[in-house]
Amino acid sequence: MAYRLLHRYYSHVNMLPKLELIAAACENMGIGINGDLPWRLKTEMAFFTHMTTDTMDKNKKNVVLMGRRTWECIPKKYKPLENRINIVLTSQSLDYGDKAITCKSIPHAIEVITEMQNKIERVWVIGGSNIYKAAMESPYFGRLYLTRIKKEFECDTFFPPIPNDFVLIKDPTVPQDIQEEKGIKFVYEVYEKK
Ligand SMILES: NC(=O)c1ccc[n+]([C@@H]2O[C@H](COP(=O)([O-])OP(=O)(O)OC[C@H]3O[C@@H](n4cnc5c(N)ncnc54)[C@H](OP(=O)(O)O)[C@@H]3O)[C@@H](O)[C@H]2O)c1
């Protein structure tokens, strides 16, 4: 019985596209302030859009999985994030109509994603703090795409500590050189679990 349950659990884990996290953090590991981003960096935003939207298979879409506050901080004209399946985590009974699917927990979101996995290429976890933490600890964790912004900003929301067994890897689809916009330098880092 236990074996069957375990087997079912692991075959479920293997079937699901891995959770890929994408975040931008400044030197003090801040990611947000007052329900907004602490910076305006067009190149970084374009990178986020391209990474979370593009698919190899044009019949598939990517999921963007986010917390309710992150959903609320997306400007109305950009909601839902276009050409992506928007999933919002909330404990409340909220209804975003056909803009976004709401889920009560990460396991609930995994269930929903599993049910439509033939339509999905990548699953992007786009914040905030607790969801990043849960995703990094999850058996579904795949990769962390972290933009390191080489400056300190005042923040009230922070990226959780990166586990010690995460290692930097090279992803050829990501620019390797130092980026710069408005005099602010930043680099794209990619982590996997050792
Ligand atoms: N720099 C970046 O890359 C980046 C990325 C994303 C966000 N941000 C910034 O971060 C801030 C928002 O992030 P945040 O950490 O404050 O909030 P958040 O994670 O976006 O949203 C928190 C809410 O999500 C729901 N939630 C979280 N975990 C859940 C779970 N396991 N199960 C069910 N519901 C869950 C709860 O909603 P209910 O209260 O409705 O139950 C919770 O109050 C903003 O300032 C935003 O601009 C920055």
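A short tour of the structure in this document, coming up. (Residues numbered from 1 in each chain as written. Predicted model: local features only at pLDDT ≥ 70, side-chain atom pairs only at ≥ 80, totals over all residues. Heavy atoms only, no water.)

## Considering the overall build of the protein
Inference 1: The helix and strand tally for the protein stands at five helices and eleven strands.
Inference 2: In terms of C-alpha radius of gyration, the protein reaches 17 Å, essentially the compact-globule figure of 16 Å for 194 residues.
Inference 3: Overall, the C-alpha framework of the protein stretches about 60 × 40 × 35 Å when taken along its three principal axes.
Inference 4: Taken across its 194 residues, the protein has 48% of its residues classed as buried.
Inference 5: By sequence separation, contacts in the protein at least 24 residues apart represent 70% of the contacts at least 6 residues apart.
Inference 6: For the protein, the exposed surface amounts to about 11,200 Å²; the carbon and sulfur share of it is 53%. (Helix = DSSP H or I, 4+ residues; strand = E, 2+ residues; numbered from the N terminus. Rg over C-alpha atoms; globule rule 2.2 N^0.38 Å. Buried < 20%, exposed > 50% of the residue type's maximum accessible area, 1.4 Å probe, protein only. Contact = heavy atoms within 4.5 Å. Areas by Shrake-Rupley, 256 points an atom, 1.4 Å probe, with all protein chains shown as cover.)

## Here we look at helix H4 (residues 106-115)
Inference 1: Regarding H4, the residues found buried are Ile106, Ala109, Ile110, Val112, Ile113 and Thr114.
Inference 2: Taking the backbone nitrogen of His108 as reference, a side-chain oxygen 3.1 Å away marks Ser105 as the first, capping residue of H4. (Polar contact = N/O pair within 3.5 Å; in protein donor to acceptor, adjacent residues only side chain to side chain.)

## What about the site of the ligand?
Inference 1: Around the ligand lies a shell of 27 residues, among which Arg69, Thr70, Thr90, Ser91 and Gln92 are the nearest.
Inference 2: Backbone polar atom of Ile31 to a nitrogen atom of the ligand: 3.0 Å apart, as the coordinates give it.
Inference 3: Gln92 is positioned such that a nitrogen or oxygen atom in its side chain is 2.6 Å from an oxygen atom of the ligand.
Inference 4: Taken by itself the ligand offers 930 Å² of open surface, and the protein chains cover 82% of this.
Inference 5: Judged by its atoms lying within 2 Å of the grid points, the ligand is housed in the largest pocket.
Inference 6: Going through the elements one at a time, strand S1 (19-25), strand S2 (30-32), helix H3 (68-72) and helix H5 (129-137) are the ones with two or more residues in the shell around the ligand.
Inference 7: Each residue belonging to the shell around the ligand can be placed in one class, and the counts come to eleven nonpolar, twelve polar and four charged. (Near = heavy atom within 4 Å. 1 Å grid on protein atoms, 1.4 Å probe; cavity = no way out; pocket = protein on both sides within 12 Å on 5 of 7 lines; lining within 4 Å. Sits in = over half its atoms within 2 Å of the grid points. Nonpolar A, V, L, I, M, F, W, Y, C, P; charged D, E, K, R; others polar.)

## Structural notes on the pattern of salt bridges
Inference 1: By the definition in use, this model includes eight salt bridges.
Inference 2: Notably, a salt bridge pairs Glu72 with Arg68, separated by 3.1 Å at the nearest N-O pair. Linking Glu72 with Arg68, this pair stays in helix H3, spanning four residues, or about one helical turn.
Inference 3: Residue Arg68 is classed as partly exposed on the basis of its relative accessible area, which comes to 27%.
Inference 4: Each of Arg143, Asp171 and Glu192 takes part in one network of salt bridges that share partners. (Salt bridge = Lys/Arg side-chain N within 4 Å of Asp/Glu carboxyl O.)

## Focus on unusual backbone geometry
Inference 1: Note that the residue after Lys79, namely Pro80, is joined by a cis bond; omega there is -5°.
Inference 2: With respect to the secondary-structure elements, Pro80 resides in the loop between H3 and strand S4 (84-89).
Inference 3: Backbone torsion omega between Gly127 and Gly128 reads 0°, so that peptide bond is classified as cis.
Inference 4: Tracing the backbone shows Gly128 in the loop between strand S6 (120-125) and H5.
Inference 5: With a phi angle near 65°, Met29 is a residue other than glycine that sits in the positive phi range.
Inference 6: Mapped onto the fold, Met29 is located in the loop between S1 and S2.
Inference 7: In this structure, Lys182 takes a positive phi of about 50° despite not being glycine.
Inference 8: The exposed category is assigned to Lys182, whose relative accessible area is 61%.

## Examining the side chain of Thr70
Inference 1: Along the chain, Thr70 turns up in helix H3.
Inference 2: A relative accessible area of 17% means that Thr70 is categorised as buried.

## Quick look at the pairing of strand S11 (residues 184-193)
Inference 1: Of all the ten residues making up S11, seven are buried; the element is thus mostly covered by neighbouring parts of the structure.
Inference 2: The sheet contact formed by strand S9 (residues 166-169) and S11 spans four bridges and is antiparallel. Considered in S11, the bridge of Phe166 is made with Lys193.
Inference 3: Pairing geometry for strand S10 (residues 179-181) and S11, over three bridges, is antiparallel. Of the residues in S11, the one forming a bridge with Glu181 is Ile184. (Pairing = 2+ DSSP bridges.)

Keep in mind that these numbers describe shape and distance, not what the molecule does.
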